[in-house]
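Each chain, written out:
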Amino acid sequence: MEVIRHDVILVGGGGAGLRAAIAACEASPGISVGMVSKLYPMRSHTVSAEGGAAGVARDDDNMDLHIKDTLKGSDFLADQDAVETFVEAAPRELTQLEHWGCPWSREPDGRVAVRFFGGMSVKRTWYATDKTGFHMLHTLFQTSLKYDRIVRYDEYFATRLLMQDGVCRGIAAFDMRTGEVKCFLGKAVIMATGGGGRIFPFTTNAAVKTGDGMALAYRAGVGLKDMEFVQYHPTGLPGTGILITEAARGEGGHLKNRLGERFTVQYDYGLGDKAELGPRDMVSRAEMQEFEAGRGFEGPYGNYVHLDLRHLGEENIDKKIPFVRELARNYVGIDPVFEPIPVRPVVHYMMGGIDTDLDGATPVPGLYAAGETACVSINGANRLGSNSLPECLVFGKRAGDHAVQYVAGGASEGSEAELVDQARGEASRLEALRNKKGGERIAQIRRELNSTMEQGCGVYREEASMAATVDSVRQLKGRYADIGITDTSQIFNTEIVQAIELGNMIDIAEAVVMAALDRKESRGAHTRRDYPTRNDADWLKHSVVTFSADGPRLEYKPVTITRWQPEERKY
Ligand SMILES: Cc1cc2nc3c(=O)[nH]c(=O)nc-3n(C[C@H](O)[C@H](O)[C@H](O)COP(=O)(O)OP(=O)(O)OC[C@H]3O[C@@H](n4cnc5c(N)ncnc54)[C@H](O)[C@@H]3O)c2cc1C
């Protein structure tokens, strides 16, 4: 078996992974980084981010205000020390990106332009028209090319963390071009593998967002934190789930029901003329209530409402949100200059993920995580739009820096023979999977998983349907053990890739619904009809799901409060 050695093994080439790789190289002149990614880095989901990245930039704004907005958005579940660290570093990171070449949009006077985003009390979202993620990822990627010490392994799929004496010392990954499993040994491993929205049927997330990194860390003994909090974005296109960015409302777009009413006004977020700019959990709930009251439109993909941009005018739309026009024209055949766009709530982001501290360190020595796969946590029960891109930068950098410190502190590589043996064991497991002849079909199990997750863990939740989803996910896990693979080839075997992804999705889906069923309150994106209010006395705590041979275990840990006492969440 081929053994590949680097000081740091990085899994993921999206915003968080690239930022971590650059940070590691800047922190130490000798460090070598092996960057393993199942996609060519520029295809990572970060590329599709549209609306922008938040960071204090103006005189009417300040750090405390951004912290307060983020905490309120999180329904006070975020760790306050993490949010302080994040808010303080975000403007620095966004400026650094400018110095590396990111073409931020400008005001006429030359200053970096900022726009409104949901739940942010002032304009603080930096943007590059409405292709922000595309420009940020390009900037990071081209900067990473400066370093020969970042060695890329594109289209390699990581399937297992290699552990010895409770310490993470590498990964097993296979080259998708040849099917060959390789053993990657490193003194530190950073997971930057993105989210897992694909466990739901209707999502803005790319097909590759299957929560692989979360599942790998979970099986290696790291807890998954706050998994019950899944964000629905209120403006996805019916059918495809393609996102119409919140920037469309930030620039003044209106949400309207079948009667032509700006319905969010009635839900009284206290935002006056910016009624559409409530946080995502609240606006998604408002849409569901409109549907239930019969004030939605009926379409082939269920109910929807209208996002009306007509009053913004063609020039403004083309200047500020041209991609919205492009997407609406191409995917629903509507030109928003002349007609409203049909939209509905759609799964967008997982607030939960691999349990880390402020430095990206997990409880397992040698293992770090950053970006959407990690839960630091700054997002708590509901992330504010435009906080995720800067989160990838701030905590990607911190994870890169700290992994280098850990390596410099004398982290050992462990016994190579034993680690290579583990990788060989993984190769045998994958070989057995490739030859599986069971009666179950991957696509069928994935469909059933998607549908039970939507039934149990939608915008509104309740005991009976969540309990049914727990049972269904467990049954699907049993059936997964009996899947059949028809494509036994080695070269670009996408059936094997999908089989592995499905196994990962089932594990993280189980963590989501288990934590959701146990949390008997409503907080942020977790809204229960049977427990409609927030209950700080019993539930101001993070859930942590850990793997055990007898099935997942659920524990809780405290939320860090520094200066902001939890209060009623009003806008
Ligand atoms: C449509 C859309 C629009 C968005 N718009 C915004 C916005 O305007 N502002 C904002 O702040 N946030 C936005 N978000 C959220 C934000 O873009 C993401 O949370 C963030 O980009 C995630 O970055 P990441 O680096 O953590 O992961 P990703 O960019 O998803 O990258 C994950 C990487 O991990 C690799 N990987 C995964 N599994 C494996 C494996 N098993 N083996 C090897 N490699 C693996 C992949 O190849 C990839 O390189 C948006 C999200 C979506 C879906």
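(A) Looking closely at the domain arrangement of the protein. The assigned domain composition of the protein is domain 1 (3-229 + 351-418), domain 2 (233-346) and domain 3 (426-535). When each unit is reduced to the centre of its C-alpha atoms, the spacing between domain 1 and domain 3 is 24 Å. Residue-level contacts link 38 residues of domain 1 with 34 residues of domain 3. Both sides together, the interface formed by domain 1 and domain 3 hides about 3000 Å², and carbon and sulfur atoms give 64% of it. On the surface where domain 1 and domain 3 come into contact, there are 4 salt bridges. At the boundary of domain 1 and domain 3, one finds 15 residue pairs in polar contact (both at pLDDT 80 or more). For the side of domain 1 that touches domain 3, the class distribution of residues is 21 nonpolar, 7 polar and 10 charged.

(B) Quick look at helix α5 (residues 212-219). Burial of α5 is extensive: 7 of the 8 residues sit out of reach of the surface. Those residues of α5 that fall on the buried side of the exposure criterion are Asp212, Gly213, Met214, Ala215, Leu216, Ala217 and Tyr218. Backbone geometry just downstream of α5 places Gly221 in the positive-phi region, at approximately 105 degrees.

(C) Region of interest: the sheet that holds strand β5 (residues 114-115). Taken in spatial order, the 3 strands make up an open sheet running β4-β6-β5, and their pairing is antiparallel. Taken across any chain shown, the strands that pair with only one partner, and hence form the sheet edges, are β4 (53-54) and β5. Sheet topology places β4 next to strand β6 (residues 125-126); 2 bridges connect them, and they run antiparallel. Across the sheet, the residue bridging to Ala53 is Trp126, located in β6.

(D) Seen up close, the pairing of strand β16 (residues 302-308). Burial of β16 is extensive: 5 of the 7 residues sit out of reach of the surface. In this structure, strand β15 (residues 297-299) lies alongside β16, joined through 3 bridges in antiparallel fashion. Of the residues in β16, the one forming a bridge with Glu298 is Asn303. In sequence, β15 turns back onto β16 through a hairpin of 2 residues. Here β16 runs beside strand β17 (residues 341-350); their pairing, made up of 3 bridges, is antiparallel. Bridged to Leu307 within β17 is Ile341.

(E) How the structure looks around the side chain of Glu501. For Glu501, the position within the fold is in helix α14 (residues 494-518). Note on Glu501: relative accessible area 9%, which makes it buried. Sequence-distant contacts of Glu501, that is, excluding residues within four places in its chain, are made with Lys38, Phe157, Val208, Thr210 and Asp212.

Rules used in this analysis
Residues numbered from 1 in each chain as written. Predicted model: local features only at pLDDT ≥ 70, side-chain atom pairs only at ≥ 80, totals over all residues. Heavy atoms only, no water. Domains from an automatic or database assignment. Contact = heavy atoms within 4.5 Å. Buried area = accessible area lost by both parts, 1.4 Å probe. Salt bridge = Lys/Arg side-chain N within 4 Å of Asp/Glu carboxyl O. Polar contact = N/O pair within 3.5 Å; in protein donor to acceptor, adjacent residues only side chain to side chain. Nonpolar A, V, L, I, M, F, W, Y, C, P; charged D, E, K, R; others polar. Buried < 20%, exposed > 50% of the residue type's maximum accessible area, 1.4 Å probe, protein only. Helix = DSSP H or I, 4+ residues; strand = E, 2+ residues; numbered from the N terminus. Pairing = 2+ DSSP bridges.

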